[in-house]
Each structure stands twice: as C-alpha cells, then as structure tokens.
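# Coordinates in review
Residue-level listing of the chains:
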Amino acid sequence: MPVPSPWRVQLRILALVAAAWLLVTALYAAHCALVLPPLLLLATASLLRGGRGLLDRVMLAAALLLGATCVAGLGFAYWPWGLHPVPVAGTAATVLILLAAWSGRRPSLPRPRWSDAVALAAAGVVGLVAAWPAWHTSQQAKLAIMLDGEDLGRHAAVFDAIRRTGGYLFADHARAERYVYGGMIDYPQGSHLLEGLLDGFVRSSADDFGVGTAMLTHYLWFTIVGYTFLALALVWSAQWIAAGALTPARCVPLAALIAAVCAAGEMLELLSFGYPSQVLGLAEAVLLMALLARPVARTRDQLLLVAALLAAVGFTYYLYLPPVGLAALIWLGTQWRRVARRPGALALAAACGLAAAAPMAYGLLYADQASALFVIGYLVLSRDALAALAALVLTGLLSRRGRHSRIWRRYALGFVPAAAFAGVLLVGQRLFGVGSGYYANKALYLVFALLLVGAGALALHLPPPAVSRRHRSLPVAVPALIAIVALSGAGRGDTPYTGGFWGRSWVRGPDAARLAQADLLLVAAARLPDDAPVLVVGDDTGYESYRLTLFLSAIQRTSGATAGAIYNHLPVTNPDRLDASIATMQGPVRLLALSDASARRAEAVRARHPASRVEVVRV
C-alpha cells in the first residue's frame, strides 16, 4: 500500500480542521450547539485506548476532558472569545484532529457490554430521583428547592459571573467584584466554569444569560446532572476495580447498593444542601482512585488521565487534592520504571500536577482560606455507616484473593491517604474545640465514596467467575446486598433537618414555608428594579432574612453590591447587624419589609442613617 506524501497528509488534516469548524459554526447557527459536547466526548473516547466496553472509554474521555477544561479555563479569561461555544468547540476539535494525526490513532470505539447497561440503569435511577421534585414544576417550586441549600445562592452567582466575564473570576478581581462577593472570587471554580461553558452550548449563545430566575433554573439542572454523574462515577469505578470478580448477577447488586445510597441515603445530603463543587470534585477523585488501583494498559494514556484528574480535583474542590495527590505520588513511585520510559508524557503530567496545586496554594497562602478549615457546620456523616461498610470491605481485602490481587492492594494503598487525611481533620476539630466540624465531614465523604467503590471486594469471598456458575451467584449476592444496605445506613435520614428519610424528603419536595418564601422572592424580583440592592427585613431571628437576601441578590444580579450586607462580620442573629449592613453599603439601598413590625424596624434603621440613601418598601 503506497504511503501518502507529507503534503497530502497535511492537506487532509487541513480539510478535516476546516470541516470541523464548519460543522461547529453550522450547529451553533442552527441553535443546535447542545449536540457539540457529546460529539467531542465521543471523539475523545475514540482516540483513547483502554477499557473493554463503550462506557469504559466514555468515562476515561470524560475524565480527560474534565481536567483539560479546568486547565483551559486559565486561557479562556484572556483570549478574546471568552466561553463562546464556536471557538471553544472549534479549538477542541482542532486539537483532537492534530493529536490523532500525531499519534497515528484512528477513531475506534469498543462495543457496549452488559456492565454498561447496569451502570447506566443505576445512574438513571439516581438521576430520576434527583430530578423528580424539579420535573414539571413551577418556577416557584424550583426556587423553593434551591432555598433549602443556602450555598446554591452563592454558587449560582459565581456560575453567572463566569458566564458574563468569560473565564475564572480570579483573573480579573476588579471586574468580578461587580458580580459576586469578594470571598468567592478565589474559591475553586472548576465546576462553575464547566457549567458556565455548557450553558452557552445549551442556549446556543455566547451572550444570552437569561433572566435571573431562568439562570437559577439552569443552575439547578446542572446541579442535578452533576449529582447523577457522581452516581455514575461511583458505579463505574466499583465495576472497574472489581471487574475480575464480577459476573452479571454480582454486578447488579453492587450497582443497586450504590444507587440506593445515592438515591435514598446520606449521599443525597450533598444535593439537598447544595454542594455542587464537592459533588463534582468527589466524582473526579473517585475516578482518579479507580485508575490508580487499576491503570489502563498504555502508560502514556494513564499518565495523561492521572494528570487530568489531578488538575480537575485541584480546580474543582481542592480539599480532596492532598489525599488523592499523595495517592498519585505513591502510585508513581511504585510504577516508576514503567512511567520513566515515557519522558514526554511524564513531563506533561508533572506540569499538570503543579497546575493542580496552584489554586490550593493561592487560596491557602494569599486568600486566607485556611482560616475556614475548622469552621462549624451542619454536615455530619454517620459514623456507624462508615464503620459497617469499612468492616465489610476489609473482609474482602483480607481474603486470600484480595491479598494476592495487585488491583486490590493498590486500592488499599490509595485508600490510606484519604482515611488519614480525614482523621487529621477530625483530630484538628477536636483540638480546636469545635467538635466534628464541617470540612472534616466533607473529607469523610471521600472516605465513604471510596468504601462504596470498594464494596465489590465482597465478591472476593465468592468463587472466581471462571469456576462458578453464574446463576448460582445471585442467591448469595442478594442477601449480601441487603446486609450491606441495612448496616451502612442506606435510606437513613433521621436528621433534624429533614424529619425523615433523605430520599423521601427530597422526592416530596419543598414544604409550604419554602414555597411561600420562593413566591415572595419572585414577586419582589418582578416589582423591584435592580438599580439598587435589596435587603430583606423579616420577623425572624435573622437567618431567614439573610437567606432571602442572598437569593434575591442572585436573581437580581446584585450579589456584588449586596456583599457588604450579606457577609457582614456580625452574626446573622445580632440585632445590630442591619445597622452595620447599612453602614457598609455604597449608594442607594432598599429595605424590603415583610410585615408591619419589620417595616417599623426598617424605618428606625433608616432614621438612624440619614446620610445613607435608604428606601423602605413592601411587596
């Protein structure tokens, strides 16, 4: 077969690049840009090598693109097109074409496998539960769902600001402060950048940001999709690690266990309380640990995947970077002879690893984020669930097959830094006298997720698939699943915040009080112009007024102007907080009184600040 001349090869590459740009432009012009991210995902998957099924390849591609997007975000803030879908997708397609030409790989995708259907079905159940209260409901109900998680108001403002500025907010502090509270400018923004980028594809527009309520609705759906992706990452990682011990009958209860925990257990708390950055960071960390336990066959691909996921974790939720980074270093040390043969890929991986640490170093050393490490929070993960699941996974690891398996030994080796990191934070909380605090429990969620991924170790107690009859493993697996669910607390949720099961409380949707608050916010946003920030003055002790002010500022896109009041140094219950807030406000401000009593209090505050332009309003 004759070898094409170099100029013919270059001509083909140019033709492919031109065709890709024409396709991207045409889809954008036809308002069909939404299909571009899946196409890019499949194109990336077709150039990777690793895994035996189609879902394996897609998850590897998703891991690579997550990290690449986070790193590319450093350039989006400085190039002239921001997050415009056409240049972003066109550039991504060009890079893929050039990589294919350089590596000599032709696009190729494996066939789907039975395990793909099991994982997708489990994630689909979780996605259905997550989307249930927001499906076919009013704008009022969607807003009420978000009001339960106070943090979503802040995250939505960051998401909106990234869309408007075209990149990471820390790239331009002065401009970002017009849109968000200054303390969020240096917050890890990998998830917000990804969602802002995807929002442009969803809208097929670079400058259509929607009204404030539509922006919140879009962000709610991105949050739900992110949680569904976490469930898929957990199920896939569990199957990836335990593949050698799984049969179809054993795979089903394993996926069902993880789906039950995500759809009805304490993992659902991450969605109901509104922690989208932690959710995506947890998914990225789990994918990384799975690849460290069972690397792909090609060293170059493995290095790039590890580097990409380290960057993704660092830019998305760097609380998890120290343990997973240490696990990656341990893997690198044990595989040094293998990786040293690929100096180019190793150098690129090292550069990405250093880039992954940049947000953490900046936040801790310059943005004073270390002071928040031991704050008190309401997120508490049950210790009996962790202990029971850990004991069950340990029995598999200590079995004869577990001790002799390189994959499970690497899993155990990678689990140690995660458990040790959570333990250090728990000890720190005790030493500082604030009990088991906020970030210590967030670190425990990584431990919990890794235990779920390792639940496949129980299959090591069963005969190997090659010598067992598949139809006989199901009667053994089902009782094991029931025992795990019962002991690990899946479906539990008897907390003072929900008054019942997590899953039941989430599916039931917001209560009447939240719906009334949402209706109030919608009426206020419609009637009050956004030329001045609005502070809500209610008859509560302070927290509900603070929460309503936070979300109203997000709807009206006045979060930057309202920051001095929302993030006042005084506690929300302090009676002098409203006066202190008015003193910090620059320019006019409106006090939205919710009752006659609160109107009188607002008038008294206005009278005490004659130099400030304060207007008391009712709706």
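Fair warning: this is a prediction, and the values are worked out from it, not measured in the lab.

### What about helix H4 (residues 85-103)?
- Along its 19 residues, H4 runs 27 Å from first to last C-alpha, staying within 8% of the 27 Å computed at 1.5 Å per residue.
- Buried within H4 are the following residues: Pro85, Val86, Pro87, Val88, Ala89, Gly90, Ala93, Thr94, Leu96, Ile97 and Ala100.
- In this fold, the buried residues of H4 make contact with helix H1 (6-29), helix H2 (36-47), helix H3 (54-76) and helix H9 (190-203).
- The first or second residue beyond H4 is glycine 104, which carries a positive phi of 80°.

### Side note on the packing of helix H18 (residues 383-397) against helix H20 (residues 406-431)
- One way to put it is that H18 packs onto H20 with a least axis distance of 12 Å and a crossing angle of 155°. Overall, the two elements H18 and H20 adopt an arrangement that is roughly antiparallel. By crossing handedness, the relation of H18 to H20 is classed as left-handed. On the side of H18, the interface is formed by Arg383, Val393 and Leu397, while H20 contributes Trp408, Tyr411, Ala412 and Leu426.
- Of the residues contributing to the contact of H18 with H20, the split by class is six nonpolar, no polar and one charged.

### Some thoughts on the packing of aromatic side chains
- Evaluation of the coordinates by the stated rule reveals 16 aromatic pairs.
- Taken together, a centroid distance of 5.8 Å and an interplanar angle of 85° make the contact between tryptophan 135 and tryptophan 221 edge-to-face. Within this pair, whereas tryptophan 135 is found in the loop between helix H5 (114-131) and helix H6 (139-148), its partner tryptophan 221 is found in helix H10 (residues 212-241), the two being separated by 86 residues in sequence.
- Judged by its relative accessible area of 52%, tryptophan 135 falls in the exposed class.
- Ring centres 6.1 Å apart and planes at 75° place the aromatic pair tyrosine 275 and tyrosine 438 in the edge-to-face group. You can see tyrosine 275 sitting in the loop between helix H12 (269-272) and helix H13 (276-293) and its partner tyrosine 438 sitting in helix H21 (residues 438-453), a full 163 residues away along the chain. You'll find tyrosine 275 and tyrosine 438 in the same group, each marked buried.
- Above the plane of the ring of tryptophan 240 lies arginine 294, whose end atom (NZ or CZ) is 3.9 Å from the centre.
- Here the guanidinium or amino end of lysine 442 rests over the ring plane of tyrosine 275, the centre of that ring lying 3.7 Å away.

### Overview of the pairing of strand E1 (residues 534-537)
- Burial along E1 is two-sided: Val534 and Val536 facing one way and Leu535 and Val537 facing the other are all buried.
- Across four bridges, the pairing between E1 and strand E2 (residues 589-593) is parallel. Within E2, the position partnered with leucine 535 by the bridge is leucine 591.

### Quick word on the sheet that holds strand E3 (residues 614-617)
- Taken in spatial order, the three strands of this open sheet run E1-E2-E3, and their pairing is parallel. Each end of this open sheet is capped by a strand with a single partner; those strands are E1 and E3. Mean inter-strand twist for the sheet, computed between neighbouring axes without regard to direction, equals 25°.
- The pairing of E2 with E3 spans four bridges and is parallel. Across the sheet, residue valine 589 finds its bridge partner in E3, namely valine 614.
- Helix-sheet contacts for helix H28 (residues 596-608) involve E1, E2 and E3, and the interaxial angle to E3 is about 170°.

The rules we used
- Residues numbered from 1 in each chain as written.
- Predicted model: local features only at pLDDT ≥ 70, side-chain atom pairs only at ≥ 80, totals over all residues.
- Heavy atoms only, no water.
- Helix = DSSP H or I, 4+ residues; strand = E, 2+ residues; numbered from the N terminus.
- Expected span 1.5 Å × (residues − 1).
- Buried < 20%, exposed > 50% of the residue type's maximum accessible area, 1.4 Å probe, protein only.
- Contact = heavy atoms within 4.5 Å.
- Axes fitted to C-alpha atoms, helices over the stretch in contact; angles between N-to-C directions.
- Parallel < 35°, antiparallel > 145°, perpendicular 65-115°, else oblique.
- Left-handed = near helix turned anticlockwise from the far one by under 90°.
- Nonpolar A, V, L, I, M, F, W, Y, C, P; charged D, E, K, R; others polar.
- Phe/Tyr/Trp six-rings, centres within 6.5 Å; stacked < 30°, edge-to-face > 60°.
- Lys NZ or Arg CZ within 6 Å of the ring centre and 35° of its normal.
- Pairing = 2+ DSSP bridges.

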